[in-house]
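Below are the chains, spelled out letter by letter.
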Amino acid sequence: MKKQPIKFSEYPLIVPNAKRLSKKMDKLISDLKACQTANEAFKVINKINSYFEDLETETSVIYVLYTCDTTNEQYKKAQETVDELSPLFGKYSTDVQKILVNASYRPELEKKYGSYLFQKYEAGLKTFDEKIMPDLVKENKLVSEYDMILGGAQLEFRGETLNLSQLGKYMQDKDRETRKAAAKAMDKWLSENEEKIAQIYDELVHVRVEIAKKLGFKSFTDLAYLRLGRVDYNADMVKCYREQIAKEVVPVCQKLYKIQMKNLGIRKPQYYDYNLMFASGNPMPAGNKDYLVEQAHKMYSDLGPESKEFFDFMTKYELMDLEARKGKAPGGYQTTFPAYQSPFIFSNFNGTQGDVNVLCHEGGHAFQAYLSRNIKVSEYRQPTLESCEIHSMSMEFFAWPYMDGFFGKDAEKYKYAHLADSIEFLPYGATIDEFQHWVYAHPDASHAERCAAFKEIENKYTPHKKYDDCPTLAKGTIWMRQSHVFAVPFYYIDYTLAQVVAFQFAIENMKNHEKAWKKYIKLCKSGGKYPFQELLAKNHLRCPFQDGNVRKVIKPLERVLKGFDTSRM
Ligand SMILES: [Zn+2]
């Protein structure tokens, strides 16, 4: 049920309960089954949607409360209850979808809701069957085991005990010996954990192949694409896209790396040297959290009336928890509370350029959620994952004119590093994606064969990477640190697809801000009403799959990069 917006601190904590949930849903499902006409069904569907919105709001509130304070026993217990109930939520939504897909009055439903909704339902139904439940449990358990190894990593470094993300800071240190020592510590940790992680991955690959077989798919790859809701593109189209990256983007990156190493004065660069963009150090924000939020407020107010309203809303209702605190879960995310029609931003500010990125990137996600909040069909409020990242990554570029405020004297440094990093990300993303296609095409390969394949792919996209001091990484093992490979197979390429679209907004914004911003608002407002390619076509954006489009997007950016004098930064 829709509620008036209130401050987040005033949200009630409601823990869903299996008995209540089943009672309510069993009744709604039997009502839906009894419907003879579309008009009868509409009423029941509305009731179901409103109940699902309440449930989603309750579980989102619990997740935010828990991640903001993982030491609170009440929140922890509530989160455990939600985790236990999640297969039950899944079962009921599958039941509803099955009834609607097979209903005699389906044509009338399609007329009202659009046929894409039914395409989504059908894709979803193909990925699930009760007989794979035990395999899904196994798959989740393996992913949790992997998360625990990575999350629980404790590395000894110069007398300190660090986790992997803390070590990351030293990997981009100004001092080369420090970077090298940090890289070696990482390599040592990986060598000690390689066997365990390889075993988990092997089991994951096999259980996924088994699930695909039970559901009648030729390969897990096809199933994985449907799991991601990719109803309008396939592995061949993604391959054509990756080939464009190899041909058009890799040479540009190699040139950028040469300039970078010349500026740093490094003759024989190693993979850890590329983390440092400037000899004077990476750009630093010009102030603390309150200062940065004030800058963000100025930026969103200046960009347009919609974004002003959005950011006023976020601050008025206290929908951001930004600072790192003891007991807070790591990382950053954006979520929504559909019953209150409110987004929420969670992050761990740590005084680096990443803090500004949160306000722009997660801000972009939240802005889209805010603009799509009134879309009636809840499944249409958010698009598939590759499209979601367009909103956030484009906002990073709309933020460029405001970087003087965020970074002061480091503004130019930030802009160059942001654009160069974003371009250099594409070949890495393609590496991770091509590797996964190889893995599921050769499911019985050994760990050594997987690493050899990775090394070959890595060489194709990032030939500059040298691992002389790191024998384990030199074998082709860096993918073992990329959690997406374990948790959500084939997801990673989405970030690169979105990046290529966000670049188009970057270019257009430099030419004509008014026009670019209007186009962006329209894109955000259309939420998830269309699949990826249709969304691009409707908004006059170049599709990355079409041969030649990656080149058209990268060329003007090369010219932008040439406008920076990095030797003086
Ligand atoms: Zn994002």
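Use the structure listed above.
Cut-off values and rules
- Residues numbered from 1 in each chain as written.
- Predicted model: local features only at pLDDT ≥ 70, side-chain atom pairs only at ≥ 80, totals over all residues.
- Heavy atoms only, no water.
- Helix = DSSP H or I, 4+ residues; strand = E, 2+ residues; numbered from the N terminus.
- Buried < 20%, exposed > 50% of the residue type's maximum accessible area, 1.4 Å probe, protein only.
- Contact = heavy atoms within 4.5 Å.
- Areas by Shrake-Rupley, 256 points an atom, 1.4 Å probe, with all protein chains shown as cover.
- Lys, Arg positive; Asp, Glu negative; His and termini not counted.
- Charge placed at Lys NZ, Arg CZ, Asp CG, Glu CD.
- Axes fitted to C-alpha atoms, helices over the stretch in contact; angles between N-to-C directions.
- Parallel < 35°, antiparallel > 145°, perpendicular 65-115°, else oblique.
- Left-handed = near helix turned anticlockwise from the far one by under 90°.
- Nonpolar A, V, L, I, M, F, W, Y, C, P; charged D, E, K, R; others polar.
- Expected span 1.5 Å × (residues − 1).
- Arc of directions from axis to C-beta.
- Core = buried A, V, L, I, M, F, W, Y, C linked by side-chain atoms within 4.5 Å.
- Donors = N, O, S within 2.8 Å, 3.2 Å for Na, K, Ca; no water.
- Tetrahedral: all angles 85-135°; square planar, octahedral: opposite > 155°, others 65-115°.
- Phe/Tyr/Trp six-rings, centres within 6.5 Å; stacked < 30°, edge-to-face > 60°.
- Salt bridge = Lys/Arg side-chain N within 4 Å of Asp/Glu carboxyl O.

Asker: A description of the overall build of the protein should follow, citing residues and the corresponding values.
Answerer: Within the protein, the regular secondary structure consists of 23 helices and five strands. Taken over the C-alpha atoms alone, the protein extends approximately 75 × 55 × 50 Å along its principal axes. A total of 569 residues make up the protein; the buried ones form 55% of that total. Across the protein, every contact between residues at least 6 apart in sequence was considered, and the portion connecting residues at least 24 apart equals 74%. Total accessible area on the protein stands at roughly 25900 Å², and carbon and sulfur atoms take up 51% of it. The average position of the 81 basic charges and that of the 76 acidic charges among the side chains of the protein differ by 3 Å.

Asker: So what's going on with the packing of helix H3 (residues 73-101) against helix H5 (residues 115-126)? Which residues, and what values?
Answerer: Close contact between H3 and H5 brings their axes to 10 Å; oriented N to C, the two are set at 125°. Comparing their axes, H5 and H3 come out oblique. In terms of crossing hand, the pair formed by H3 and H5 is left-handed. Seen from H3, the contacting residues are Thr94, Gln97, Lys98, Leu100 and Val101; seen from H5, they are Phe118, Tyr121, Glu122 and Leu125. For the contact of H3 with H5, a count of residues per class yields five nonpolar, two polar and two charged.

Asker: Any chance you could break down helix H17 (residues 447-461) for me, citing the residues and the numbers?
Answerer: The first and last C-alpha atoms of H17 sit 21 Å apart over 15 residues, in line with the 21 Å expected at 1.5 Å per residue. Considered for burial, the residues of H17 that qualify are Arg450, Cys451, Ala453, Phe454, Ile457, Glu458 and Tyr461. What you see down the axis of H17 is that its buried residues fit within an arc of 160°, all on one side. Of the residues in H17, the exposed ones pointing more than 90 degrees away from the buried face are Ala448 and Glu456. The inward-facing, buried residues of H17 abut helix H8 (176-214), helix H10 (235-264) and helix H16 (411-441).

Asker: Describe the nonpolar core, naming the residues involved and giving the relevant values.
Answerer: Burial of nonpolar side chains together is a common tendency in soluble globular proteins. Within the largest apolar cluster, 167 residues are counted, with the highest numbers of intra-cluster contacts made by Tyr271, Phe406 and Trp479. The contact partners of phenylalanine 406, leaving out residues within four places of it in the chain, are Pro285, Ala286, Tyr291, Leu292, Gln295, Ala296, Met299, Val356 and Leu359. Ranked by size, the runner-up nonpolar core spans 31 residues in total, among them Leu21, Leu28, Phe42 and Val96.

Asker: Could you give me a rundown of the coordination of the zinc ion, with the residues and numbers involved?
Answerer: The zinc ion binds to the protein through His361 (NE2), His365 (NE2), Glu389 (OE) and Glu389 (OE); the donor distances cover 2.1 to 2.6 Å. Each of the four donor atoms bound to the zinc ion contributes to angles spanning 53 to 145°, and the resulting shape is irregular.

Asker: Give me the packing of aromatic side chains: which residues, what numbers.
Answerer: The tally for this structure, following the rule as stated, stands at 54 aromatic pairs. Their ring planes at 70° and their centres at 5.7 Å tell us that phenylalanine 425 and tyrosine 492 sit as a pair that is edge-to-face. Separated by 67 residues along the polypeptide, phenylalanine 425 in helix H16 and tyrosine 492 in the loop between helix H19 (483-487) and helix H20 (493-511) bring together distant segments of the chain. Here the two residues phenylalanine 425 and tyrosine 492 agree in accessibility, since each one is buried. With a centroid separation of 5.8 Å and 80° between ring planes, the pair formed by phenylalanine 505 and tyrosine 520 is classed as edge-to-face. Of this pair, phenylalanine 505 sits in helix H20 while tyrosine 520 sits in helix H21 (residues 513-525); the two residues are 15 residues apart in sequence, bridging distant segments of the chain.

Asker: Just give me the short version of the pattern of salt bridges, but keep the residues and values in it.
Answerer: The full count for this structure, using the stated rule, is 37 salt bridges. Of the charged contacts, one joins lysine 519 and glutamate 508 as a salt bridge, the two residues approaching to 3.1 Å between their closest N and O atoms. Of this pair, lysine 519 sits in helix H21 while glutamate 508 sits in helix H20; the two residues are eleven residues apart in sequence, bridging distant segments of the chain. Relative accessible area serves as the criterion here: at 15%, lysine 519 is assigned to the buried category. We classify glutamate 508 as buried; its relative accessible area is 18%. Ionic contacts of the salt-bridge type, sharing partners, join the residues Arg242, Glu243, Asp433, Glu434 and Lys460 into one network.

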